[in-house]
Amino acid sequence: MVIPVHDVNPVRRTPYVTYVLIAASAFVFVFMPGLAGSVPGDSELARLCHTQAFLEQYAAIPQELIRHQLPQLVPTGELTRSGGCALGPPGYDKSPALSVVTALFLHGGWLHLLGNMLFLLIFGNNIEDRLGHVRFALFYVACGYAAAYGFALANADSADPLIGASGAVAGVLGAYLVLYPKARVWVLVPFLVFLPLRLPAWIVLGFWFGLQAVYSSGQGVSSAGTVAYVAHVVGFVAGMLLAWPLRPGTPPPPEPRGLLWGRRARPGW
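Residues numbered from 1 in each chain as written. Predicted model: local features only at pLDDT ≥ 70, side-chain atom pairs only at ≥ 80, totals over all residues. Heavy atoms only, no water.

Undergrad: Teacher, can you tell me more about the overall build of the protein here?
TA: What the protein contains, in helices and strands, is 9 helices and 7 strands. For the protein, with 269 residues in total, the buried portion stands at 40%. Of all intrachain contacts in the protein linking residues separated by at least 6 positions in sequence, the fraction that spans at least 24 positions is 74%. Of the roughly 15000 Å² that the protein leaves accessible, carbon and sulfur atoms contribute 65%. (Helix = DSSP H or I, 4+ residues; strand = E, 2+ residues; numbered from the N terminus. Buried < 20%, exposed > 50% of the residue type's maximum accessible area, 1.4 Å probe, protein only. Contact = heavy atoms within 4.5 Å. Areas by Shrake-Rupley, 256 points an atom, 1.4 Å probe, with all protein chains shown as cover.)

Undergrad: I keep staring at the packing of aromatic side chains and nothing clicks. Help me out?
TA: The description of two aromatic rings rests on the distance between their centres and on the angle between their planes. By the definition in use, this model includes 13 aromatic pairs. When the ring of F123 is compared with that of Y176, the centres are 4.9 Å apart and the planes differ by 80 degrees; the resulting orientation is edge-to-face. Highlighted residues: F123 in helix α5 (residues 110-131) and Y176 in helix α7 (residues 166-179), separated in sequence by 53 residues. For the pair formed by F123 and Y176, the shared burial category is buried. Relative to F236, the ring of F209 has its centre 4.6 Å away and its plane inclined at 25 degrees; by these criteria the two rings are stacked. (Phe/Tyr/Trp six-rings, centres within 6.5 Å; stacked < 30°, edge-to-face > 60°.)

Undergrad: Explain the pattern of salt bridges to me, please; I cannot follow it from the model alone.
TA: It is possible for side chains bearing opposite charge to pair when their charged atoms get close. Following the criterion strictly, the structure yields 4 salt bridges and no others. One salt bridge in this structure joins R12 and D129, with 3.2 Å as the shortest N-O distance. Of this pair, R12 sits in the loop between β1 (3-8) and α1 (16-30) while D129 sits in helix α5; the two residues are 117 residues apart in sequence, bridging distant segments of the chain. On the basis of relative accessible area, R12 is assigned to the exposed category, the value being 66%. Overall, D129 belongs to the buried group, its relative accessible area being 5%. Between D157 and R67 there is a salt bridge, with the nearest N and O atoms lying 3.2 Å from each other. (Salt bridge = Lys/Arg side-chain N within 4 Å of Asp/Glu carboxyl O.)

Undergrad: What am I meant to see in the side chain of S99 here?
TA: Within the secondary structure, S99 sits in helix α4 (residues 96-103). We classify S99 as buried; its relative accessible area is 3%. One polar contact links the side chain of S99 to the main-chain carbonyl oxygen of P96, over a distance of 2.5 Å. (Polar contact = N/O pair within 3.5 Å; in protein donor to acceptor, adjacent residues only side chain to side chain.)

Undergrad: How do you make sense of the packing of α7 against helix α8 (residues 201-216) when you look at a structure like this?
TA: When two helices pack together, their arrangement is given by the angle between the helix axes and by the axis-to-axis distance. Viewed as axis vectors pointing N to C, α7 and α8 meet at an angle of 145 degrees, and their least axial separation amounts to 10 Å. Judged by the twist between their axes, the crossing of α7 over α8 is left-handed. Residues A170, L173, Y176 and L177 of α7 form the contact with α8, whose participating residues are A201, W202, L205 and W208. Among the residues making up the contact of α7 with α8, the classes are represented as 8 nonpolar, no polar and no charged. (Axes fitted to C-alpha atoms, helices over the stretch in contact; angles between N-to-C directions. Left-handed = near helix turned anticlockwise from the far one by under 90°. Nonpolar A, V, L, I, M, F, W, Y, C, P; charged D, E, K, R; others polar.)

Undergrad: How do you make sense of unusual backbone geometry when you look at a structure like this?
TA: Most peptide bonds take the trans configuration, and most residues that are not glycine carry a negative phi. Of note in this structure, H68 is not a glycine but carries a positive phi near 60 degrees. Turning to its location among the elements, H68 is positioned in the loop between α3 (62-67) and β2 (74-79).

Undergrad: Explain the state of the cysteines to me, please; I cannot follow it from the model alone.
TA: Covalent bonding between the sulfur atoms of two cysteines defines a disulfide. Throughout the structure, instances matching the rule amount to 1 disulfide. Disulfide pairing is shown between C49 and C85; the S-S distance is 2.0 Å. Here the disulfide of C49 and C85 is left-handed, its torsion about the S-S bond being about -90 degrees. With C49 in helix α2 (residues 44-58) and C85 in strand β3 (residues 85-88), this residue pair connects regions lying 36 residues apart in the sequence. (Disulfide = S-S within 2.5 Å.)

Undergrad: What is the right way to look at the pairing of strand β4 (residues 184-191) in this model?
TA: In terms of strand pairing, β1 meets β4 through 5 bridges, oriented antiparallel. Note on β4: the bridge partner recorded for D7 is V185. Inspection of the sheet shows β4 paired to strand β5 (residues 193-200) by 8 bridges, in the antiparallel sense. Within the sheet, the bridge partner assigned to W186 lies in β5 and is R198. (Pairing = 2+ DSSP bridges.)

Undergrad: I would appreciate a short explanation of helix α9 (residues 229-243) in the present structure.
TA: One turn of an α-helix holds 3.6 residues; hence residues three or four places apart share an orientation. When the terminal C-alpha atoms of α9 are compared, their 21 Å separation across 15 residues agrees well with the 21 Å that a helix rising 1.5 Å per residue should span. Among the residues of α9, Y229, A231, H232, V233, G235, F236, A238, G239 and A243 are the ones counted as buried. Summarising the contacts, the buried residues of α9 are in contact with α6 (133-154), α7 and α8. (Expected span 1.5 Å × (residues − 1).)

Structure representation (structure tokens):
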């Protein structure tokens with residue numbers, strides 16, 4: 001993989017939504033039980049049980065997304081006398097559809113978080129600049145939903161939690177490829193040492209998407225099930241499709257009738 005560090009693509013407005021998404025993801029990660037830290041005195045098993053219960057409640061579960069119902073028994077976060085994680089009826093009401101949103105802000109480790117936020121920081125500001133703050137926020141969530149449900153359809157029997165912003169960030173990358181294919185991106189290429197290169201976005205993002213497509217088929221990786229490569233592919237394609245009407249050379253939408261450049265239109269305009 002090449003590691004992007006900066007793109008040569010200035011923006012006209014401050015990407016507030018991008019910054020908020022990054023800050024919120026970091027804030028949630030710091031306070032996630034068991035993953036980022038632990039309560040003093042907790043054993044490794046206790047942290048694992050807390051994590052399982054937390055993810056069961058807030059992560060997106062493919063089975064739940066497809067069947068729209070919760071399991072009868074879920075991890076409670078407590079330990080059993082035999083030294084396992086206790087199960088019990090869910091003591092909460094969970095909306096599988098809304099769990100897609102909460103899952104966007106959950107990450108399984110520092111590398112998972114930093115990787116997603118790095119790509120969002122580099123490429124998200126330009127997409128937010130093009131779409132505007134509100135439309136970018138809706139775009140981000142829409143790509144997250146497309147990625148989560150796409151993965152769920154491909155893994156309908158899976159009860160493993162799906163977490164991370166990867167699907168939504170992949171949508172940002174897909175939109176960037178459509179809108180700014182010739183923008184230059186500084187990347188670090190691992191070849192004995194990290195070599196800095198400036199490459200066009202279509203090479204960087206096209207190569208990234210190609211790897212995700214290969215990995216999603218199970219080729220080239222020994223543990224494809226631990227990373228939701230299918231979600232990356234679906235999110236990327238969703239981002240491309242949503243951004244397609246805004247690609248360079250596309251005629252702008254017609255001006256609303258009655259007002260032209262802030263003036264009342266004359267009859268017949």
